[in-house]
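These are the residues of each chain, in order.
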Amino acid sequence: MKEEAIKAYKIPVEVPRDLIEAYFEVKKRALREILSHVTRSRTEKAHLNFKAEDRRRLRSILLSDWKFSKHYIDSAINSVIGLVKGWIKLHNRGKAKFMPKITKKTVYIKNTLFSYKNGNLKISIEPNKRYLEVNLRDYDWIPDFDRIGGLILSEEGLLITVKREVRVEKSRQWASFDVNLTNITSLINGKIVKYDIRQLYHIHRVYEKKRMRIQKLSKHKPKTAKKMMQKYSKREKNRARDFMHKLTAGIVEKLNEIKSGAIFENLKDIKGRILNKSRDLNRKLSKWNARMFQFMLEYKLKWLGLPVKYINPKNSSKTCPLCSGRMAAYKDRLMRCEKCGLISDRDVVAVLNIQMWGSGVTPKGDEPKGDVSQGLHGLIYAYVS
Ligand SMILES: [Zn+2]
């Protein structure tokens, strides 16, 4: 099966700040204009009445004092129309809290605005006289790709999306993963490996404390507080992302060696329970970590043509991987099977089940096949003892 794999990279280049600022202003003007074409029915349903001639008129107004390449105006108008349409959809479902706003200083670069040849990326800034040129060969961490998917300029640099057609291999091997608050438990090539992610927990905790302090400040200095909040949130995300990138890169290398696919829990199937505040925060954190981990591992594996599967994790840590009996909390993180007496770490139980259910060894809820459980016996006891 052929599929298109995508990766994105941030390249630290000297960005054309004047273009970024001008584009930001143009988008704000376009938004005001396009919003004035939103009509409302008697039932308060919004509708965009922005015709081709309205677009032409707006385009020529915006172009009148625009020195940059013209295509930027088209991309600005398109992106604002998209924003307004998205807002209308929300509004008509009664879910729009605020009017749409232009908040991000990012410039989407259409493929009519750049050329790519022999590793050299040439982006038109001002027609026929000013370009942003980047030699992608200088960035050897960007892998070989088939084509460029898209480019986005921001104050921090150039974000480049690259695409490649891959043949997804039919995997005989599957690794499974279970993301918890302080560790990620995996079953790779028949071995249980626990990855310590306490550092990630620590990062989030540190910033949580900072946020609480800033919140106090926000009464006296709301603007400063808001700025600081944004700064710290960004730092927190970057640090967490760095950590995840390193972790997933190592795992991908391991899986690529044995050509193994990966099975994850489908997070959509995890139902939230009402919990106390600190536990609630931890739950949110776990979910955030899991989403980030799965997202990164998935696109890295897909790039190599390795498959990814999701399964419904319901009862994954409460079902005995040997006899499908019910497991109950035993002590600490241990679970005990009420039917066969197996005692095992709950994270290990989860990855075993995720792997068996996902790879089809044991259909969910069915009795496991004898030969598999024999192998698993050794594995579970080896781990517990
Ligand atoms: Zn059992």
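Nothing here was measured: the structure is a model prediction, and the numbers come from that model. (Residues numbered from 1 in each chain as written. Predicted model: local features only at pLDDT ≥ 70, side-chain atom pairs only at ≥ 80, totals over all residues. Heavy atoms only, no water.)

A tally of helices and strands in the protein chain yields eight helices and 17 strands. The principal-axis extents of the C-alpha atoms in the protein chain amount to approximately 80 × 55 × 45 Å. Residues classed as buried in the protein chain amount to 43% of the 385 residues present. Considering only contacts within the protein chain whose residues lie at least 6 apart along the sequence, 68% involve residues at least 24 apart. (Helix = DSSP H or I, 4+ residues; strand = E, 2+ residues; numbered from the N terminus. Buried < 20%, exposed > 50% of the residue type's maximum accessible area, 1.4 Å probe, protein only. Contact = heavy atoms within 4.5 Å.)

Strand pairing in a sheet takes place through backbone hydrogen bonds and is either antiparallel or parallel in direction. Strand order in the open sheet formed by five strands is β12-β11-β10-β13-β14, with mixed pairing between adjacent strands. The outermost strands of the open sheet, each flanked by one partner alone, are β12 (191–196) and β14 (308–311). With direction set aside, neighbouring strand axes in the sheet form an average angle of 25°. Sheet analysis places strand β10 (residues 173–179) next to strand β11 (residues 183–188), joined by four bridges and oriented antiparallel. Across the sheet, Phe177 pairs through a bridge with Ser186, a residue of β11. Packed on one face of the sheet, helix α5 (residues 222–257) meets β10, β11, β12 and β13 (260–265) and runs near 165° to β12. Sheet strands in contact with helix α7 (residues 346–359) are β10, β11, β12, β13 and β14, and its direction is about 140° off that of β10. (Pairing = 2+ DSSP bridges. Axes fitted to C-alpha atoms, helices over the stretch in contact; angles between N-to-C directions.)

Surrounding the zinc ion are the protein donor atoms Cys320 (SG), Cys323 (SG), Cys337 (SG) and Cys340 (SG), which sit 2.2 to 2.3 Å from the metal. Each donor residue of the zinc ion belongs to the same chain, and together they define the spacing C-x2-C-x13-C-x2-C. You can see Cys323 sitting in the loop between β14 and β15 (327–329) and its partner Cys340 sitting in the loop between β16 (334–337) and β17 (343–345), a full 17 residues away along the chain. Residue classification places Cys340 among the partly exposed positions, given a relative accessible area of 42%. (Donors = N, O, S within 2.8 Å, 3.2 Å for Na, K, Ca; no water.)

Attention shifts here to the pattern of salt bridges. With the rule as written, the count across this model stands at 25 salt bridges. The residue Asp18 makes a salt bridge to Lys67 at a minimum N-O spacing of 3.7 Å. Residue Asp18 is found in helix α1 (residues 17–35), and its partner Lys67 is found in the loop between α2 (52–63) and α3 (71–92); the two are separated by 49 residues along the sequence. Residue Asp18 is classed as partly exposed on the basis of its relative accessible area of 29%. Residues joined by salt bridges that share partners form a network here, namely Asp18, Lys67, Glu126, Lys129 and Arg130. (Salt bridge = Lys/Arg side-chain N within 4 Å of Asp/Glu carboxyl O.)

Read from one edge of the open sheet, three strands run β5-β6-β7, paired in antiparallel fashion. Two strands lie at the open edges of the sheet, namely β5 (114–117) and β7 (130–135), each paired on one side alone. This sheet shows a mean twist of 20° between the axes of neighbouring strands, independent of strand direction. In terms of strand pairing, strand β6 (residues 120–126) meets β7 through six bridges, oriented antiparallel. Considered in β7, the bridge of Leu121 is made with Val134.

Once that is clear, we can look at α1. The first and last C-alpha atoms of α1 sit 27 Å apart over 19 residues, in line with the 27 Å expected at 1.5 Å per residue. Those residues of α1 that sit buried are Leu19, Ile20, Tyr23, Phe24, Val26, Lys27, Ala30, Leu31 and Ile34. (Expected span 1.5 Å × (residues − 1).)

Next up on the list: the packing of α1 against α3. Where α1 meets α3, the axes come as close as 9 Å, and the angle between the chain directions of the two elements is 50°. Taken together, the axes of α1 and α3 are oblique relative to one another. In terms of crossing hand, the pair formed by α1 and α3 is right-handed. Packed against α1, whose contacting residues are Leu19, Tyr23, Val26, Lys27, Ala30, Leu31, Ile34 and Leu35, the element α3 presents Tyr72, Ile73, Ser75, Ala76, Ile77, Ser79, Val80, Ile81, Leu83 and Val84 at the interface. (Parallel < 35°, antiparallel > 145°, perpendicular 65-115°, else oblique. Left-handed = near helix turned anticlockwise from the far one by under 90°.)

Here the structure, examined in full by the defined rule, presents 11 aromatic pairs. Each ring, one from Trp66 and one from Phe68, has its centre 5.0 Å from the other, and the planes form 65°; the classification is edge-to-face. Both residues of the pair, Trp66 and Phe68, count as buried. When the ring centre of Tyr207 is taken as origin, the NZ or CZ atom of Lys210, which lies over that ring, is 4.9 Å away. Seen from the ring of Trp174, Lys309 lies directly overhead, with NZ or CZ sitting 4.3 Å from the centre. (Phe/Tyr/Trp six-rings, centres within 6.5 Å; stacked < 30°, edge-to-face > 60°. Lys NZ or Arg CZ within 6 Å of the ring centre and 35° of its normal.)

Glancing now at the confidence of the model for the protein chain. The predicted model of the protein chain has a mean per-residue pLDDT of 88, with 91% of residues at 70 or higher. Of all the helices and strands in the protein chain, helix α8 (residues 370–384) carries the lowest mean pLDDT, 44, while α1 carries the highest, 97. Contacts of residues 366–375 to residues separated by more than four positions or lying in other chains number 15 contacts, the stretch itself having pLDDT below 50. Contacts from residues 380–385, a stretch scored under 50 in pLDDT, to residues over four places away or in other chains number 14 contacts. (pLDDT = per-residue confidence, 0-100.)

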